[in-house]
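Structural description and commentary
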Amino acid sequence: YHVATGGRRAGIESLSIYPSSIGNRVSLNSEHKRRHKLKFLGRKMDRLGMLARHIKDPVRTGSRLRSTNAGADLPLKGKTMFITGASRGIGLAIALRAARDGANVAIAAKTVQEHPKLPGTIYSAAKEVEEAGGKSLALHCDVRFEDVVAECVEKTVERFGGIDILINNASAINLSSTERLDMKRYDLMHSINTRGTFLCSKLCAPYLRKSANPHILNLSPPLNMEEKWFSPHVGYTMAKYGMSMCVLGMAGEFKDEGIAVNALWPRTTIATAAVQNLLGGDSMVRMSRTPEIVADAAYAILNRSSRSCTGNFFIDEEVLREEGVTDFSQYKVRFRMLCNVDPGGT
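For the structure given in this document, a descriptive report is provided here. (Residues numbered from 1 in each chain as written. Predicted model: local features only at pLDDT ≥ 70, side-chain atom pairs only at ≥ 80, totals over all residues. Heavy atoms only, no water.)

1. Re the overall build of the protein chain
Check the secondary structure of the protein chain and you find 10 helices and 7 strands. Burial status across the protein chain gives 56% buried among its 346 residues. (Helix = DSSP H or I, 4+ residues; strand = E, 2+ residues; numbered from the N terminus. Buried < 20%, exposed > 50% of the residue type's maximum accessible area, 1.4 Å probe, protein only.)

Structure follows, in structure tokens:
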């Protein structure tokens with residue numbers, strides 16, 4: 001389990017939200033000292049006015065990652081991206097990164113009215129995409145329903161002429177233990193995470209086949225079958241691993257057709273409304289990285305050849321290191337000014 005600690009990794013047994021196949025162990029004593037140091041630093045920075053006490057949505061800044069496509073300044077220009085759960089957080093960050101190239105972005109999400117703890121709607125996201133240089137389409141979409149997704153896919157094709165990229169980002173989270181997790185919430189996670197991913201992939205596949213460099217990218221973890229990733233929250237891990245199993249199977253299924261299917265997962269916690277509201281509040285947000293690190297990693301993956309880059313379970317930091325990024329301080333929340341924030345809260 002990883003949190004941002006000045007560019008290093010630290011294993012935290014009490015926090016189980018980002019399963020990864022990579023991890024370092026530290027003693028409980030050293031972990032206690034590290035936490036105490038971070039707590040002291042956070043208080044000191046608060047007194048200096050360098051951090052907001054509540055975060056509504058992380059500050060978004062322009063990416064420093066250059067195009068990975070030699071000779072092409074705007075490799076995603078004119079490409080069409082269908083992205084689920086893109087009204088805020090990581091999904092919106094990926095949408096905005098593509099928009100800066102001049103991409104067409106279909107924002108497929110449920111939020112149509114502002115929520116006090118969940119900032120952003122499909123309309124505000126669409127506006128940001130336009131302001132960033134892309135073309136947008138706001139789609140009220142609940143990935144649990146086949147007819148709704150089918151209609152949204154058709155509207156995207158009618159508007160932009162096809163689909164080149166599918167980002168399966170929509171996800172539900174509940175970290176309850178087996179006995180505490182009621183079946184309604186269990187069903188919700190599996191309907192959105194696993195079934196929603198399968199459904200969107202199924203309905204977009206006919207159009208992806210027509211693209212020159214088609215990609216499906218799922219925001220899901222590496223498939224590590226160790227007990228420690230399951231025992232704290234079996235229901236949630238099953239739902240997220242279902243998304244990863246789609247990668248494993250579909251990468252093989254669509255390989256001969258040139259459709260890339262990959263997974264991307266953050267090394268650290270990411271400063272989103274979910275982390276703020278459900279997974280640790282201000283202290284966890286301060287130790288997190290911004291959604292832009294995932295967006296930049298996604299951008300790099302989506303510009304790779306779909307015929308040679310498929311079936312991978314990527315970690316954001318590793319992708320960026322491969323692209324030549326060595327300074328990750330730009331993605332740290334706790335060392336950045338957070339502006340225009342209100343109490344409240346991918």
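2. Let's talk about the packing of helix H2 (residues 89-99) against helix H3 (residues 122-132)
Viewed as axis vectors pointing N to C, H2 and H3 meet at an angle of 25 degrees, and their least axial separation amounts to 8 Å. One way to sum up the angle between H2 and H3 is to call them roughly parallel. Here H2 runs over H3; the crossing is right-handed. Residue-level contacts link Leu92, Ala95, Leu96 and Ala99 of H2 to Ala125, Glu128, Val129 and Ala132 of H3. When the residues that make up the contact of H2 with H3 are grouped by side-chain class, the tally is 7 nonpolar, no polar and 1 charged. (Axes fitted to C-alpha atoms, helices over the stretch in contact; angles between N-to-C directions. Parallel < 35°, antiparallel > 145°, perpendicular 65-115°, else oblique. Left-handed = near helix turned anticlockwise from the far one by under 90°. Contact = heavy atoms within 4.5 Å. Nonpolar A, V, L, I, M, F, W, Y, C, P; charged D, E, K, R; others polar.)

3. Some words on the packing of helix H4 (residues 146-160) against helix H5 (residues 183-208)
With their axes 10 Å apart at the nearest point, H4 and H5 run at an angle of 30 degrees to one another. Judged by the angle between their axes, H4 and H5 are roughly parallel. For the element pair H4 and H5, the recorded crossing hand is right-handed. The segment H4 lies against H5, with Glu146, Val149, Ala150, Val153, Glu154 and Val157 engaging Leu199, Cys200, Lys202, Leu203, Cys204 and Tyr207. Classifying every residue of the contact of H4 with H5 by side-chain character gives 9 nonpolar, no polar and 3 charged.

On their own, these measurements won't tell you what the molecule is for.
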